[in-house]
Amino acid sequence: MNEKAQKVLELLIEGNNRFAQGCPKSQNRDVESLKKLQNSQSPMACVVTCSDSRVIPEFVFDVGFGELFTVRGAGAVIGPNILESVEYAVDHLKVPLIIVMSHECCGVMKTAVTKYPEEPQKFKVLIKSVYEIIDRNNKTYDEIAEDYTLVKKRKLLKRSEILRNAYAAGELEIVRAYLNFSTGRVTVIE
């Protein structure tokens, strides 16, 4: 991992430890902080995660305005809008780190497991994107959510020349992570 991405990851894990211990200290969560960022931003990382209302990366990593470029969608399925948002973070904002984060109790994972292998009638893109990793090996929803981060990482690299080039040049790292609701801890998945 490049040094810049490693330092950012360490800062975010330290922030998550503070959050999980119930002693957050982020200072950049007021109107004055937002005003200072009115004309520009330089986030330290991009977090690609679910739009689940319980998943708020800025809280979980104990950061404030301007520190993360957060890209959210149900199940964090890598569609064109998600992909281009991540590309913007890397190409325009020069973030050195992307965190692809799944979470405990994901409704998209539960629905996909319940419906598999039927053709979904609703939320087809969301559900079918998870089908590719369901193999009926008795994995839990949460294990599937963890596995799905690898699928998302691969899709980001496969579908984006911008990300592939930055990754190949050592300018970008992509880390997989999992948020446990009962502890508040984010675990980096190797």
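Refer to the structure above for everything that follows.
Residues numbered from 1 in each chain as written. Predicted model: local features only at pLDDT ≥ 70, side-chain atom pairs only at ≥ 80, totals over all residues. Heavy atoms only, no water.

(A) Quick look at the packing of aromatic side chains. Applying the stated rule across the entire model yields two aromatic pairs. Relative to Tyr 88, the ring of Phe 69 lies with its centre 5.9 Å away and its plane at 35°, an arrangement referred to as tilted. With a gap of 19 residues between them, Phe 69 in strand 2 (residues 68–72) and Tyr 88 in helix 4 (residues 80–91) connect regions that are remote in the sequence. For Phe 69, a relative accessible area of 16% corresponds to the buried category. Judged by relative accessible area, which is 37%, Tyr 88 ranks as partly exposed. (Phe/Tyr/Trp six-rings, centres within 6.5 Å; stacked < 30°, edge-to-face > 60°. Helix = DSSP H or I, 4+ residues; strand = E, 2+ residues; numbered from the N terminus. Buried < 20%, exposed > 50% of the residue type's maximum accessible area, 1.4 Å probe, protein only.)

(B) Inspection of the pairing of strand 5 (residues 186–189) at higher detail. Alignment of strand 4 (residues 173–179) against strand 5, held across four bridges, turns out to be antiparallel. Among the inter-strand pairings, Ala 177 is bridged to a residue of strand 5, identified as Val 188. Once strand 4 ends, the chain turns through six residues before running back antiparallel as strand 5, passing Gly 184 with a positive phi of about 80°. (Pairing = 2+ DSSP bridges.)

(C) How the structure looks around the packing of helix 7 (residues 141–159) against helix 8 (residues 161–168). Viewed as axis vectors pointing N to C, helix 7 and helix 8 meet at an angle of 100°, and their least axial separation amounts to 5 Å. Between helix 7 and helix 8, the angle is such that the two are roughly perpendicular. Along its contact with helix 7, which presents Lys 153, Leu 156, Leu 157, Lys 158 and Arg 159, the element helix 8 presents Glu 161, Leu 163, Arg 164 and Tyr 167. Residue classes in the contact of helix 7 with helix 8 are distributed as four nonpolar, no polar and five charged. (Axes fitted to C-alpha atoms, helices over the stretch in contact; angles between N-to-C directions. Parallel < 35°, antiparallel > 145°, perpendicular 65-115°, else oblique. Contact = heavy atoms within 4.5 Å. Nonpolar A, V, L, I, M, F, W, Y, C, P; charged D, E, K, R; others polar.)

Read these as geometric descriptors, not functional statements.
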